[in-house]
Amino acid sequence: MLNDTICAVSTPHGKGGISVIRISGDKCRDIVSRIFKPINGSKLTFEPRKAVYGNITSSLSGETIDDGIMTFFAAPASFTGEDTAEISCHGGIVVTSMVLDAVLNAGAVHAEAGEFTKRAFLNGRMSLTKAEATADLLDARSESAAVLTGENSRGRLSKKLSEMANSLLFIASSLSAYIDYPDEDLEDMEDDELDSRIDGLLDECNKLIDGRKTGEAVTEGIPAVICGKPNVGKSSFFNYLIGEDRAIVTDIPGTTRDMIEYQVKAGKIMLKLLDTAGIRENTSDIVEKMGIDAVKKRLSSDSGSIIFVLFTHDSFDTEKNEFSKDDKAVLDSLPKDTEHIIIPVITKSDMNISTEILKSILTDSFGKCFVISSSTGSGMDELLGYVEGLYIKGDFDLRENVYLTSVRQVNNIRRAAEELTEAKKALYNGCKDMTGIFIEHALSAIMETDGRETGEAIIKDIFSRFCVGK
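Keep in mind it's a predicted model, so treat the numbers as computed, not measured.

J.: Can you walk me through helix α7 (residues 191-210) in this structure?
T.: What sets the pattern is the α-helix's 3.6 residues per turn: residues three or four places apart point alike. Spanning 20 residues, α7 covers 28 Å between terminal C-alpha atoms, matching the ideal 28 Å at 1.5 Å per step. Three or more residues of α7 are buried, namely Leu 194, Ile 198, Leu 201, Leu 202, Cys 205, Leu 208 and Ile 209. Viewed end-on, α7 has its buried residues packed into an arc of 115°, placing them on one side of the element. The outward face of α7, more than 90 degrees from its buried face, is lined by the exposed residues Asp 192, Lys 207 and Asp 210.

Quick look at the structure:
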């Protein structure tokens, strides 16, 4: 409940130099006064942003628990927009728990996950995209992810959405004013200008949608499945990419029965790497067969994922001019759609056995092929550079470009693009009233992306921008 005063430990659990307990809500001053006493015996005055040294005491027994520092932030100029205090104590697990208990006993309630940020959003201290970016920043697994989400948390995406919303608001209010107040002396926007403005906004939406994969690749990671026949080197390839021996490697076919997943960096992007059971035509092992069935099911899922298909020098019989039975089974298991990214990889190049014919055949079939060695690392830089290039273009700049980072954001922008497309059709057919409706729907989608309501925005803009009712 927003009328509760909440508290939580804001530093990681464990032993450290200090721990910070954050308190936020209307009763913040009263609660802090009950447990924190300035060391010089003076009265606590709650001067904003001034660190005060004192004793932290139990509100029940009055006994001193620890000494520390209290900093107060007055509403609305705080993270949550409410009166907020941060008490820093020594970073032991027990003493931190005792200080938190003291705050709870003094009248606070324990904050739910993300509640401080939620209050910041509800109190207008940050936009919804900034709140999402804050969560993404905490989960960042690479420097690139930290930079991208950091820029969004500082409002880069929110600023772009505000610019788009303002442009839509101008169009919507112009159309509404012209249609709803025909007797007023208002200048109508020419159709050519309307069409040009809609085209510009549609282009902005499509740029954001097209860049979604880059944002996803940097922050969340792209699903990447490693598949191939038994003993083709899948687990060795998996272990090389993650930098440790997580998957068991033997010469015995069918060693991997289950799927092993790990998140790994590939340049500036992340891959959600999945090692799988070897696919072969026939097996009498029930568990292995279950593993193969699971792989085949996984290959057809995760639209847009990468599929590394591994081959070796004996995958293709040059005399019979055909793939081995097991390799055929692998090829037959691959999805036939264009949504998946299939990358053929020839392994064990350190064995120095010619694979030129196989490489040529795979290149003709898939448009590319890489030859690598998981033992020496040969060819790995070229392969990973290609994968990174699928999502990161030459002019990529994490600090300048704007990227969507969640499905919710993408869905809203896609909805805005659809409404703008319909607005163009209506304009072309001479239906300005319908054009206005579609523009309002697009505006709503953009504003929802950043957690704002359209509400009375259009009406307010009409009366402020045009002298209606003068």
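J.: For this particular structure, what's the right way to read the packing of helix α14 (residues 407-428) against helix α15 (residues 432-449)?
T.: The description of two packed helices rests on the angle between their axes and on the distance between the axes. Where α14 contacts α15, the axes come no closer than 8 Å and their chain directions differ by 170°. The orientation of α14 relative to α15 falls into the category roughly antiparallel. On the side of α14, the interface is formed by Arg 408, Gln 409, Asn 412, Ile 413, Arg 415, Ala 416, Glu 419, Leu 420, Glu 422, Ala 423, Ala 426 and Leu 427, while α15 contributes Lys 432, Met 434, Thr 435, Phe 438, Ile 439, His 441, Ala 442, Ala 445, Ile 446, Glu 448 and Thr 449. For the contact of α14 with α15, a count of residues per class yields twelve nonpolar, five polar and six charged.

J.: Whenever I open this one, a nonpolar patch on the surface confuses me. Can you help?
T.: A contiguous nonpolar surface patch, about 270 Å² in accessible area, is contributed by Ile 39, Tyr 53 and Ile 69. Inspection of the secondary structure assignment puts Tyr 53 in strand β4 (residues 51-57). A residue is classified by how much of its surface remains accessible, and Tyr 53, at 41% relative accessible area, is partly exposed.

J.: How should I be thinking about the sheet that holds strand β15 (residues 370-371) in this particular structure?
T.: Two strands in a sheet stick together by hydrogen bonds in their backbones, pointing the same way (parallel) or opposite ways (antiparallel). Taking strand neighbours across the sheet as the criterion, the six strands line up as β9-β10-β8-β11-β14-β15 in an open arrangement whose pairing is mixed. The sheet terminates laterally at β9 (260-266) and β15, the two strands that pair on one side only. Those strands touched by helix α12 (residues 356-366) are β11 (306-311), β14 (341-346) and β15, and its axis lies near 175° from that of β14.

J.: Is there a simple way to explain unusual backbone geometry in this structure?
T.: Residues apart from glycine generally show negative phi values, whereas peptide bonds are mostly found in trans. The omega torsion of the bond from Ala 75 to Pro 76 falls at 0°, within 30 degrees of zero and hence cis. Within the element layout of this structure, Pro 76 appears in the loop between β5 (64-73) and β6 (84-91). Despite not being glycine, Arg 49 has its phi angle at roughly 60°, a positive value. One can find Arg 49 in the loop between β3 (36-38) and β4. Positive phi is not limited to glycine here, since Asn 352 has a value of about 55°. Note that Asn 352 resides in the loop between β14 and α12. A residue is classified by how much of its surface remains accessible, and Asn 352, at 70% relative accessible area, is exposed.

J.: Just to check I follow, could you spell out the nonpolar core for this structure?
T.: Soluble globular proteins tend to bury their nonpolar side chains together. Core analysis: the biggest nonpolar cluster contains 34 residues, and Leu 168, Cys 205, Ile 413, Leu 420, Ile 439 and Ile 446 have the highest contact counts within it. Elements supplying a minimum of two residues to this core: α6 (156-180), α7, α14 and α15. Per-element accounting of this core gives the leading share, nine residues, to α6. Here Leu 420 is in contact with Leu 168, Ile 198, Leu 201, Leu 202, Cys 205, Ile 439 and Ala 442, once residues within four sequence places are set aside.

J.: What am I meant to see in the environment of Ala 266 here?
T.: Here Ala 266 is to be found in strand β9. On the basis of relative accessible area, Ala 266 is assigned to the buried category, the value being 1%. Remark: the alpha-carbon pair of Ala 266 and Gly 385, spanning 119 residues in sequence, is separated by 7.7 Å. Apart from residues no more than four positions distant in its own chain, Ala 266 is found in contact with Leu 271, Leu 384 and Glu 388.

Definitions and cut-offs
Residues numbered from 1 in each chain as written. Predicted model: local features only at pLDDT ≥ 70, side-chain atom pairs only at ≥ 80, totals over all residues. Heavy atoms only, no water. Helix = DSSP H or I, 4+ residues; strand = E, 2+ residues; numbered from the N terminus. Expected span 1.5 Å × (residues − 1). Buried < 20%, exposed > 50% of the residue type's maximum accessible area, 1.4 Å probe, protein only. Arc of directions from axis to C-beta. Axes fitted to C-alpha atoms, helices over the stretch in contact; angles between N-to-C directions. Parallel < 35°, antiparallel > 145°, perpendicular 65-115°, else oblique. Contact = heavy atoms within 4.5 Å. Nonpolar A, V, L, I, M, F, W, Y, C, P; charged D, E, K, R; others polar. Patch = residues over 30% accessible without salt bridge, like charges linked within 9 Å, V, L, I, M, F, W, Y side chains within 5 Å. Areas by Shrake-Rupley, 256 points an atom, 1.4 Å probe, with all protein chains shown as cover. Salt bridge = Lys/Arg side-chain N within 4 Å of Asp/Glu carboxyl O. Pairing = 2+ DSSP bridges. Core = buried A, V, L, I, M, F, W, Y, C linked by side-chain atoms within 4.5 Å.

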